[in-house]
Structure formats: structure tokens, C-alpha cells
Amino acid sequence: MLAKRIIPCLDVDNGRVVKGINFVNLIDAGDPVEQAKRYDAEGADELVFLDITASSDNRRTVVDMVRAVADNVFIPFTVGGGIRSVEEIRAILLAGADKVSLNTAAIKNPNLVREGAERFGSQCLVVAIDARRRISSDNGAYFPPSVIEAPDWARDRRNSSDNGECSTGGYFANGECVTGCWQGSEQLSRWEVFINGGRTPTGLDAIEWARKVEQLGAGEILLTSMDRDGTQDGYDIELTRAVAEAVNIPVIASGGVGTIEHLYEGLTEGKASAVLAASIFHFGKYSITQVKEYLRQKGLVIR
């Protein structure tokens, strides 16, 4: 049985570690180098360093910061954000990172995953998948979760609203017209992939995309539930398990940790190979040592 890994995440914006809720409302969480040194000393298995606005702002990760972090830690270190070419992958690895994480660039140019894996090895290539839950019906029509939460009268009324007709020919729900056909109890879960720091929907199904990146040569998947990000309500276990069961490469669960129990659930019920967390570590709620002791007591093999 492979040992499970505990991975703190350093989301960085303008040179500072930040943390938000659902990818917005960011608050400062410290200096990345100092945070990295602390986690190394506490016994973290790896670190993930993500420049969260690099892709959306069309700029590359600051290599000097990567080098500063890498020079101060002695555990494997993944770097992502704004990496768009094989040359940039090489620069990040030369700066001291053990792995690179591709997200937006992998969607726009899937061959980048293949080229990177062929040149540097699959063990260096992580594909990050940011996914948001959608609801589907038998006929392929998709709805955001808010439609599910609409009252019965809103879901069942075709082509109408409080003051007239629904011009889209769909259903009136939560104050707007929604196209497609509502299938009552025939709802199926689906997760859509987002890019540019969670700002841009792609229309890609997260499970299908996970299978694709494995075929392209990715050595690992960093899977984040955008719905759970920063909420401290726990991982999206259904999403995590679905992706972990769909691929044969390690899956890192991310998004929503609030308690030690959530980490255990991600590794057991979610079938993740590793669990990533930010808020509970950055703000001192738990230490890496506490987490590892708890998981060992629960019978898990931890590094």
C-alpha cells in the first residue's frame, strides 16, 4: 500500500500567500518563503506553490520567487501558474521545483502535457483540474445547482414567469429562464472544468478530461472542487472518488478542508492518494504533526 501524503498549498498573488472562498474574497496568509520553511520543519510531505492569477493576467510565474522558496525547503515542491511552454517548464524545474502544474495551458494546448512528459518525465507533470458541479438530465441538458434548489412551482412551470412568458422556451427557476428539459428525478452529477483561476468555464467534463490527461502523460492530478474551495465544509467526496476511480495515476484532493476528519475522508471515502489543504494550516488551526498523528491512529499509512 502506497503511503498517503499531506500537502500544504501556497496560493500566491503578488508575492503573498492568500486564501479565499470559492476562488474569490482573498485574504493575506503570509510570506511564501516563511510559510514554506515552516511546513518543511513540521514534516509536510510536499508543497504546492500556485501563482493563482498568472494565467488570467497573462503573465508567467516569477522564477525568482520559485527559486527563493525552493532554496529554503528540502521536500518535493510543485509549482504552477502561467506556465505555457516547454521552455517555461524547463525554467521552473531549473529554478528548483520538482514538478510543474499545468491547468489553463493544458486545456488550450493539450500537446504541452505530452511534450512535457516526454522531455522531463511524467513524474514532473501535474495537471490541475478546477471543477464546479453541474446537474444533467437524460437528454444532455445541464443546469447549475441553483436550479435544483428552486421551489417545485418554479421547476414545473414551462415557458412562464411571474410577469409573463419565458422567451427562451425553457423553465423559469430562481428568477430566470433556463433552457433545456427538466427530467424530474433523472438528474445526474457532472462537473465542469474551469480555467484562468476559476474564471472561465470550458464545457469540458472533469472526469473525461482527467482520463485524457492521463493518456497524454500526466503523472498526477491536482483536483480542486470550486464549490468547496475555502468553505471548510469538506472535500467533494463524490467528485474526488469519481476521478480517482477513472484514472490510474495519483489524485490529490483539494478544496474544502475544515477539520482533520475531512482529510481522512478524502483519503478513504474519496480514494485520493494525497490531500491538499491551505486554511487549516496557514492560520494555525492544525499542524502537520497533529494531522499525521491522527491519520496514523486511524490506521492509514502516512509518510
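Please read all numbers here as calculations on a predicted model, not as lab measurements.

## Some details on the pairing of strand β14 (residues 251-254)
- With burial as the criterion, each face of β14 is covered, one bearing V251 and A253 and the other bearing I252 and S254.
- Note: strand β13 (residues 220-225) against β14, 4 bridges, orientation parallel. Paired with I221 across the strands is V251, a residue of β14.
- Crossover β13 to β14 through helix α9 (residues 237-246) is right-handed.
- As defined by bridge partners, β14 adjoins strand β15 (residues 274-277) across 2 bridges and the pair is classed as parallel. Looking across to β15, one finds that A253 is bridged to V275.

## Observations regarding the packing of helix α8 (residues 206-216) against α9
- Following both chains from N to C, one finds α8 and α9 inclined at 35 degrees, their axes separated by 9 Å at the closest point. Crossing of α8 against α9: the hand is right-handed. Between α8, through I207, A210, R211 and E214, and α9, the contact on the second element is made entirely by A242, V243 and A246.

## Remarks on the packing of aromatic side chains
- All chains considered together, the criterion is met by 2 aromatic pairs.
- Residues Y39 and F281 carry aromatic rings whose centres are separated by 6.1 Å and whose planes lie at 65 degrees to one another, so their mutual orientation is edge-to-face. Taken as a pair, Y39 in helix α1 (residues 32-42) and F281 in helix α11 (residues 279-282) lie far apart in primary sequence, 242 residues in all.
- The exposure class assigned to F281 is buried, which follows from its relative accessible area of 1%.
- Sitting above the plane of the F194 ring, R132 keeps its charged end 5.2 Å from the centroid.

## Some remarks on the layout of surface pockets
- Estimated volume of the largest pocket: approximately 200 Å³.
- Contributing to the lining of the largest pocket are 11 residues, with L2, A3, R5, P250 and S273 lying nearest its centre.
- Among the residues forming the lining of the largest pocket, the class breakdown is 4 nonpolar, 1 polar and 6 charged.

## So, the confidence of the model for the protein chain
- Overall, the predicted model of the protein chain reaches an average pLDDT of 81, with 74% of residues at or above 70.
- For the stretch residues 145-187, pLDDT sits under 50, and the model shows 76 contacts to residues farther than four places along the chain or on other chains.

## Some remarks on the nonpolar core
- In terms of nonpolar packing, the biggest core is built from 76 residues, with I89, I129 and I221 touching the most fellow members.
- The greatest single-element share of this core, amounting to 6 residues, is contributed by α8.
- The next biggest cluster of nonpolar side chains, apart from the first, holds 10 residues, and it includes V48, L50, L222 and L276.

## Quick notes on helix α12 (residues 288-297)
- Among the residues making up α12, those that are buried are I288, V291, K292, Y294 and L295. When α12 is viewed along its axis, its buried side chains cluster within an angular range of 165 degrees and face the same direction.
- Here the buried face of α12 lies against β1 (5-13), α1, α10 (260-268) and α11.
- Just downstream of α12 lies G299, where phi reads positive at about 95 degrees.

## Details of the pattern of salt bridges
- Per the counting criterion, the structure on display carries 16 salt bridges.
- Among the ionic pairs, D45 bridges to K292, the shortest N-O distance being 2.8 Å. Placement of D45 in the loop between α1 and β4 (47-51) and of K292 in helix α12 is noted, with a sequence separation of 247 residues between them. K292 matches D45 in its accessibility class, with the two residues each being buried.
- Here K99 ties to E220 by a salt bridge, and the two come within 3.0 Å at their closest N and O atoms. Of this pair, K99 sits in strand β6 (residues 99-102) while E220 sits in strand β13, placing them 121 residues apart in sequence.
- Each of R5, E46, K99, E220 and R303 takes part in a single network of salt bridges with overlapping partners.

The rules we used
- Within any chain, residue numbers begin from 1 and follow the written order of that chain's sequence.
- In view of the model being predicted, local features appear only for residues whose pLDDT reaches at least 70, and side-chain atom pairs are presented and counted only at 80 or more, with totals across whole chains, interfaces and linings using the full set of residues.
- Excluding hydrogens and water, the side-chain figures rest on all heavy atoms present in the structure.
- Think of it in three bands: residues with accessible area under 20% of the maximum for their type are buried, residues over 50% are exposed, and the middle band is partly exposed, with areas taken using a 1.4 Å probe on protein chains only.
- In this text, helices come from DSSP runs of H or I with a minimum length of four residues, and strands from runs of E with a minimum of two, each type numbered from the N-terminal end.
- Pairing between strands requires that DSSP locate at least two bridges from one strand to the other.
- Note on handedness: a crossover is taken as right-handed if, strands pointing away from the viewer, the path from the first strand over the helix to the second is clockwise.
- Angular values range over 0 to 180 degrees, each being the angle between N-to-C directions of two axes fitted as lines to C-alpha atoms, with helices fitted over their stretch in contact.
- In this scheme the crossing of two helices becomes right-handed for a clockwise turn of the near helix relative to the far one and left-handed for an anticlockwise turn of less than a right angle.
- Working rule for contacts: check all heavy atoms of both residues, and any pair within 4.5 Å makes them a contact.
- Each aromatic pair joins two rings of Phe, Tyr and Trp (for Trp, the six-membered one) with centres within 6.5 Å, and gets the label stacked for planes under 30 degrees apart, edge-to-face for over 60, and tilted for any other angle.
- Either the NZ atom of lysine or the CZ atom of arginine qualifies as a charge over a ring when it sits within 6 Å of the ring centre and within 35 degrees of the ring normal.
- Put simply, the grid is 1 Å and covers the protein atoms alone, a cavity is a trapped set of points that fit a 1.4 Å probe, a pocket is an open set with protein on both sides within 12 Å along at least five of seven lines, and lining residues have an atom within 4 Å of a point.
- Grid points are joined across faces, edges and corners, and a volume is the space filled by probe spheres set on the points.
- Amino acids outside the nonpolar list (Ala, Val, Leu, Ile, Met, Phe, Trp, Tyr, Cys, Pro) and the charged list (Asp, Glu, Lys, Arg) are all regarded as polar, and Gly is one of them.
- Confidence of the prediction at every residue is given by pLDDT, a number between 0 and 100.
- Working definition of a nonpolar core: buried Ala, Val, Leu, Ile, Met, Phe, Trp, Tyr and Cys residues. They are joined through side-chain atoms within 4.5 Å.
- Each direction from the helix axis to a C-beta atom contributes to the arc, which is the arc of those directions.
- Any Lys or Arg side-chain nitrogen located within 4 Å of an Asp or Glu carboxyl oxygen qualifies as a salt bridge.

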